[in-house]
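Report on the structure
One-letter residues, chain by chain:
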Amino acid sequence: SMKVVRGGWEIVVRNLERIHALTMNMLAFAKQRKPELEMTNLSGLLEEVIALAQNQYDDKKVALISDFDQDMPPLPLDPSGIHQAVLNLLNNGLDAVESGKGVVIVRTEFKETALSALISITDNGIGMGPESRRHLFQPFHSTKGLRGTGLGLVVTKKIVEEHGGRVMVDSTPGKGSTFTIM
């Protein structure tokens, strides 16, 4: 009976995580806000995001790999905003890949000459053609049926643009996708 309770509790926790994610995205979508910038260690922040997503990745038997630029200086960013922007991309990456075969890689790179930092999330999932890509950043447009809110990418783009950055997408059907935050 403890096993039943534990199983039930895991379902509750998973759904609470989904509700929390949805609520946070609804709030971020609705609010115009200036990011509260503080000098942040990006690798440390991303480690936290990865730790949060790790359980779901393990459940689906998908590898989550990080490859961080060691020369990344502290960056002026809004930690909770960037946390949410990246978590949305990690959730999307997880949805795009096949159980047991999926790999999602989180990379960072500091381009000193351009004074810009890049965070890229690459998956070996289903990929997208031009048609899907065109709708990517439209609110409430989802390819995931009822599971998708169609808000994740919209919110990611909004948060990144509030930081004066942009989100780029590179994708090939059947090969996977890379989302890059600059």
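Our subject is the structure listed above.
The structure contained in this document is the topic of the report that follows.

Cut-offs applied
Residues numbered from 1 in each chain as written. Predicted model: local features only at pLDDT ≥ 70, side-chain atom pairs only at ≥ 80, totals over all residues. Heavy atoms only, no water. Helix = DSSP H or I, 4+ residues; strand = E, 2+ residues; numbered from the N terminus. Buried < 20%, exposed > 50% of the residue type's maximum accessible area, 1.4 Å probe, protein only. Contact = heavy atoms within 4.5 Å. Areas by Shrake-Rupley, 256 points an atom, 1.4 Å probe, with all protein chains shown as cover. Pairing = 2+ DSSP bridges. Axes fitted to C-alpha atoms, helices over the stretch in contact; angles between N-to-C directions. Parallel < 35°, antiparallel > 145°, perpendicular 65-115°, else oblique. Left-handed = near helix turned anticlockwise from the far one by under 90°.

As for the overall build of the protein
- Within the protein, the regular secondary structure consists of five helices and seven strands.
- Put simply, the protein runs from its N terminus to its C terminus through helices and strands in the order α-β-α-β-β-α-β-β-α-α-β-β.
- Classification of the 182 residues of the protein by burial places 41% in the buried group.
- Nonlocal contacts in the protein, meaning residues at least 24 apart in sequence, comprise 73% of its contacts between residues at least 6 apart.
- For the protein, the accessible surface area stands at approximately 10,800 Å², while carbon and sulfur atoms represent 57% of it.

With respect to the sheet that holds strand β5 (residues 116-123)
- Taken together, the five strands give an open sheet; going across it, the order is β2-β4-β5-β7-β6, and neighbouring strands pair in mixed fashion. The open sheet is flanked by β2 (63-67) and β6 (167-172), the only strands paired with a single partner. Strand after strand, the sheet turns through a mean of 15° between neighbouring axes, direction not considered.
- Judged from the five bridges that link them, β2 and strand β4 (residues 103-111) form a sheet pairing that is parallel. Each residue of the ladder has a partner; that of Ala63, found in β4, is Val103.
- Helix α2 (residues 42-60) contacts β2, β4 and β5 of the sheet and is inclined by roughly 175° relative to β2.

Topic: the packing of α2 against helix α3 (residues 79-96)
- Contact pair α2 / α3: the axes reach a minimum separation of 10 Å and the direction vectors enclose 30°. With respect to their mutual orientation, α2 and α3 come out roughly parallel. Classified by chirality, the crossing of α3 by α2 is right-handed. From α2, Leu42, Leu45, Leu46, Glu48, Val49, Ile50, Leu52, Ala53, Gln56, Tyr57 and Lys60 reach across to α3, where they touch Pro79, Ile82, His83, Val86, Leu87, Leu90, Asn91, Gly93, Leu94 and Asp95.

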